[in-house]
There are 2 protein chains.
Amino acid sequence: MRVAVLGATGLVGGWMLRVLEGSRLPVERVIPLGSERSAGKRVIFRGEEIEVFPVEERHFHRVDLALFSAGSGPSKRWVPVAASRGAVVVDNSSAWRMDPQVPLVVPEINPHHLGNHRGIVANPNCATIQALMTLYPLHRRYGLRYFSAATYQSVSGTGKRAVEELRAASQAFLRGEDFSPSVYPRDVAFNLLPHIGPFDRDGISEEEWKMVRESRKILDMEDLRVSVTTVRVPTFSCHGEAISASFQEPVNPREARELLEAFPGVRVVDDPDAALYPTPRDGAGLGDVLVGRIRPDTGLENGLAMWVVSDNLLKGAALNAVQIAEALFAG
Amino acid sequence: MRVAVLGATGLVGGWMLRVLEGSRLPVERVIPLGSERSAGKRVIFRGEEIEVFPVEERHFHRVDLALFSAGSGPSKRWVPVAASRGAVVVDNSSAWRMDPQVPLVVPEINPHHLGNHRGIVANPNCATIQALMTLYPLHRRYGLRYFSAATYQSVSGTGKRAVEELRAASQAFLRGEDFSPSVYPRDVAFNLLPHIGPFDRDGISEEEWKMVRESRKILDMEDLRVSVTTVRVPTFSCHGEAISASFQEPVNPREARELLEAFPGVRVVDDPDAALYPTPRDGAGLGDVLVGRIRPDTGLENGLAMWVVSDNLLKGAALNAVQIAEALFAG
């Protein structure tokens, strides 16, 4: 099969190529695409250098699968083009996620939604995926009623320039030098910015709404109650999440742990007395969603609390997108 | 009046001296005390160098006020000694907080509890103080039913060695060098450790229980429902908290903001479109508790969400302790 990758020079695009190399998909050819700025750069696939082309309709000719990770603007424009040329598009941007015609899929959770796709499948928000990967196996057993999530999100989700900014800002801080951020509105080094995406009139951020609305759509629970605060923290990769959840039935934490251990794509790391719990530095580069600090919630009826870490570029983006493609083409 | 300061060479002790200098207390003499290791060091009070004595009973002779910040061990041993010599002890450790005979006080919230003290008053946990400073003015109006807090806690709460460790570990990481932590069980640089204090059998940490139990005691609400996850983050000073709260009555966010603005010790910093929200780098060294991101909660009945930042060494420790003393001696 022929696979186009839009945004191939970005952080997520790079991981898409790596994950494709090891996937079950019978990839014959990869066509890396990018902006005018990226065109002419080279990416590596299976040890070979391939030139990046500027995104144009002709490059979707005879493409079976198009993986998009170039932001909402390019996705709004090019997803319909690629789909009309016969490709199935798995789009990592937020542009199509809430379109009722577009399935929004985590393959371990709602693969049945794929049956209705019309050439476009949306990849959910990174912070949403890792929350639901741990809540869903519990939901099946206990019936989810409510959850709150506070996120601790790394800079890699913003892109390569943000990674460089955290590094440069941290060096400046440690040397006692001034630093003027250009990617983030405030200096992120040794700091916390409760600011991911623009704010609505009520002061709720776009990232917060994504977690609320996408969770409802993926779980087919339009009335699910979700509280969210999303925060950028000075880590390079992986997002952390503090989750408190309330269920219809009483939760046995030991059984919950077994349900999480048995769920594909989740790894339990939970021996806090031995200082074993998920951390971003441990989770970087791993495909699994790591969960620990599994414990009774002190405040919620039938409650369970946990701490979840996942590489936002992998299960939160590139890996989930390729898994969607595998479910479609090699399922 | 004569004031003994136990732990005078520590981070909190240093701030106690600075705050005492500007306080309404008629301080005639400060007697700085410390461990054998600290004895002989010198601290500054009102521009004068004063020698630190090793803590011994005779140094509490004719002491009116003793401010303790040397950890639970020394507090368990020396608080009764100082109190029996006639001093009023304001203890910043957790040793006496849950003793039913000991008031646990945030002067803006429950000064009436001071009436029953028997020579010992406990200063609450830093993360508890800043949560309640913002929840209490709302509780008076709407009736608090439940809150969840996820904390983003700086290393300064652990002490001077932790501050040095974050600095050294960050430098090592940026240089690509290995680092072996000695203060924290894991490397805190560019990382997240959901581990503050030891864990109970259920896997709930001591810091998490402090927030639950101390909130109930301070607010006189023994059945208050509280969900907490406490996390150490790579910031030098100030704790951040993502709070979602549910009340008995519907909350008007604009009115809530006015209630917060009117409450002494709280400063509203809340214009997220202009990237104005509390951050730890802004809050360092400030006595006020900063609150922003005040918004409807998307998941809770009669809910309000907010983001709270406070210098854990000041309102979370030294400042609140001196304010307790002011309420007792200069009220």
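Residues numbered from 1 in each chain as written. Chains lettered and ligands numbered in written order. Predicted model: local features only at pLDDT ≥ 70, side-chain atom pairs only at ≥ 80, totals over all residues. Heavy atoms only, no water.

Looking at an unreviewed UniProt entry, chain A carries the name Aspartate-semialdehyde dehydrogenase, with the source organism given as Thermanaerovibrio acidaminovorans. Its UniProt record, at the heading Function (unreviewed entry), says of chain A: "Catalyzes the NADPH-dependent formation of L-aspartate-semialdehyde (L-ASA) by the reductive dephosphorylation of L-aspartyl-4-phosphate." The UniProt entry for chain A carries the following comment under Catalytic activity (unreviewed entry): "L-aspartate 4-semialdehyde + phosphate + NADP(+) = 4-phospho-L-aspartate + NADPH + H(+)". (UniProt positions renumbered as here; feature names shortened; annotations may be inferred.)

Asks: How would you sum up the UniProt feature "domain: Semialdehyde dehydrogenase NAD-binding" (unreviewed entry) in chain A? Please name residues and give values.
Replies: Residues annotated in UniProt with the feature "domain: Semialdehyde dehydrogenase NAD-binding" (unreviewed entry) correspond here to residues 2-117 of chain A. Along residues 2-117 of chain A the backbone is 21% helical and 25% strand, and the end-to-end C-alpha distance reaches 19 Å. (Helix = DSSP H or I, 4+ residues; strand = E, 2+ residues; numbered from the N terminus.)

Asks: Could you give me a rundown of the pattern of salt bridges, with the residues and numbers involved?
Replies: Residue and element names in this part refer to chain A. This model, assessed by the stated rule, comprises 38 salt bridges over all chains. A salt bridge links Glu 57 to Arg 85; the shortest N-O distance between them is 3.4 Å. You can see Glu 57 sitting in the loop between strand 5 (53-54) and strand 6 (65-68) and its partner Arg 85 sitting in the loop between helix 2 (72-84) and strand 7 (88-91), a full 28 residues away along the chain. With a relative accessible area of 38%, Glu 57 lands in the partly exposed category. Owing to a relative accessible area of 33%, Arg 85 belongs among the partly exposed residues under this scheme. Among the charged side chains, a network of salt bridges with common partners joins Arg 141, Glu 249 and Glu 255. (Salt bridge = Lys/Arg side-chain N within 4 Å of Asp/Glu carboxyl O. Buried < 20%, exposed > 50% of the residue type's maximum accessible area, 1.4 Å probe, protein only.)

Asks: Tell me about empty space enclosed by the protein, and name the residues and values.
Replies: For the coordinates displayed, the defined rule picks out three cavities of 30 Å³ or more. Reported here for the largest cavity is a volume of approximately 130 Å³. Lining the largest cavity we find 18 residues, and of these Ser 148, Ala 149 and Ala 150 of chain A together with Ser 148 and Ala 150 of chain B sit closest to its centre. Elements with a contribution of two residues or more to the lining of the largest cavity: strand 9 (144-152), strand 10 (225-229) and strand 11 (239-247) of chain A together with strand 9 (144-152), strand 10 (225-229) and strand 11 (239-247) of chain B. Residues belonging to the lining of the largest cavity are distributed by class as follows: ten nonpolar, eight polar and no charged. Estimated volume of the second largest cavity: approximately 40 Å³. Along the walls of the second largest cavity sit Ile 204, Glu 208, Val 212 and Val 228 of chain A together with Arg 295, Pro 296, Asp 297 and Thr 298 of chain B, which together make up its complete lining. (1 Å grid on protein atoms, 1.4 Å probe; cavity = no way out; pocket = protein on both sides within 12 Å on 5 of 7 lines; lining within 4 Å. Points joined across faces, edges and corners; volume = space filled by probe spheres on them. Nonpolar A, V, L, I, M, F, W, Y, C, P; charged D, E, K, R; others polar.)

Asks: Report on the interface of chain A and chain B, specifying residues and quantitative values.
Replies: With 63 residues of chain A at the interface, the matching set in chain B holds 63 residues. Between chain A and chain B, roughly 5300 Å² of surface is buried when both sides are summed, and carbon and sulfur atoms account for 57% of that area. Among the residues chain A hides against chain B, the three largest losses belong to Leu 192, Arg 281 and Thr 298 of chain A. Together they make up 13% of the total. Linking chain A with chain B are 36 residue pairs in polar contact (both at pLDDT 80 or more), by the criterion used here. Of all the elements in the fold, those that place two or more residues in the side of chain A that touches chain B are strand 9, helix 4 (160-175), helix 5 (206-218), strand 10, strand 11, helix 7 (280-283) and strand 13 (289-296) of chain A. For the side of chain A that touches chain B, the element with the highest residue contribution is helix 4 of chain A, accounting for six residues. Partitioning the side of chain A that touches chain B into residue classes produces 33 nonpolar, 17 polar and 13 charged. (Contact = heavy atoms within 4.5 Å. Buried area = accessible area lost by both parts, 1.4 Å probe. Polar contact = N/O pair within 3.5 Å; in protein donor to acceptor, adjacent residues only side chain to side chain.)

Asks: Give me the lowdown on the environment of Tyr 277 of chain A, citing residues and values where you can.
Replies: Within the secondary structure layout, Tyr 277 of chain A lies in the loop between strand 12 (266-268) and helix 7. Dropping the residues within four chain positions of it, Tyr 277 of chain A is found in contact with Val 269, Pro 272, Asp 282 and Arg 293 of chain A together with Pro 185, Arg 186, Leu 193, Pro 194 and His 195 of chain B. There is a polar contact of 2.8 Å between the side chain of Tyr 277 of chain A and the side chain of His 195 of chain B.

Asks: Run through the environment of Trp 209 of chain B, naming residues and quoting values.
Replies: Here Trp 209 of chain B shows up in helix 5 (residues 206-218). C-alpha of Trp 209 of chain B to C-alpha of Pro 74 of chain B: the two residues are 135 residues apart in sequence and 22 Å apart in space. What Trp 209 of chain B contacts, discounting residues up to four positions off in sequence, is Thr 298 of chain A together with Asp 200, Ile 204 and Glu 214 of chain B.

Asks: Account for the packing of helix 3 (residues 126-142) of chain A against helix 8 (residues 314-329) of chain A, with residues named and values stated.
Replies: Residues and elements named next belong to chain A. Two elements in contact, helix 3 and helix 8, have axes whose closest approach is 8 Å; the angle formed by their N-to-C orientations is 90°. Of the possible angle classes, the one that applies to helix 3 and helix 8 is roughly perpendicular. Residues Cys 126, Ile 129 and Met 133 of helix 3 form the contact with helix 8, whose own contacting residues are Lys 315, Gly 316 and Asn 320. Of the residues belonging to the contact of helix 3 with helix 8, the class tally is three nonpolar, two polar and one charged. (Axes fitted to C-alpha atoms, helices over the stretch in contact; angles between N-to-C directions. Parallel < 35°, antiparallel > 145°, perpendicular 65-115°, else oblique.)

Asks: Which residues make up unusual backbone geometry, and what are the values?
Replies: Residue and element names in this part refer to chain B. Even without glycine at this site, Phe 190 takes up a positive phi of about 50°. With respect to the helices, strands and loops of the structure, Phe 190 is situated in the loop between helix 4 (160-175) and helix 5. Unlike most non-glycine residues, Asp 220 shows phi in positive territory, near 55°.

Asks: Outline helix 8 of chain A, listing residues and values.
Replies: Each full turn of the α-helix corresponds to 3.6 residues, which orients residues three or four apart in the same direction. Residues and elements named next belong to chain A. For helix 8, spanning 16 residues, the distance from its first C-alpha to its last is only 20 Å, which falls clearly below the expected 22 Å at 1.5 Å a residue. Asn 320 marks where helix 8 bends most, by close to 40°. With 13 of 16 residues buried, helix 8 lies mostly within the body of the structure. (Expected span 1.5 Å × (residues − 1). Bend = angle between axes of the 7 residues up to and from the residue.)

Asks: Residue-level account of the UniProt feature "active site" (unreviewed entry) in chain A, with values.
Replies: Residues and elements named next belong to chain A. Feature annotation in UniProt places "active site" (unreviewed entry) on Cys 126 and His 239, given in this structure's numbering. These annotated residues cover 114 residues of sequence, but their C-alpha atoms sit close together, with the largest distance between any two at 8.3 Å. Mapped onto the elements, Cys 126 comes out in helix 3. Setting aside residues no more than four positions away along its own chain, Cys 126 makes contact with Glu 207, His 239, Asn 312 and Gly 316. With respect to the element layout, His 239 can be found in strand 11. Residue classification places His 239 among the buried residues on the basis of a relative accessible area of 0%. For His 239, the residues in contact, after removing those within four places along its chain, are Cys 126, Ala 127, Gln 130, Tyr 152, Gln 153, Ser 154, Arg 232, Val 308, Val 309, Ser 310 and Asn 312. In terms of polar contacts, His 239 uses its side chain to reach the backbone amide nitrogen of Ser 154, at 3.1 Å.

Asks: I'd like a description of the side chain of His 113 of chain A, backed by residues and values.
Replies: Residues and elements named next belong to chain A. With respect to the helices and strands, the residue His 113 is situated in the loop between strand 7 and strand 8 (120-122). A polar contact is formed between the side chain of His 113 and the side chain of Asp 220, at a distance of 2.9 Å. Residues in contact with His 113, not counting those within four places in the same chain, are Pro 103, Leu 104, Val 105, Lys 217, Ile 218 and Asp 220.

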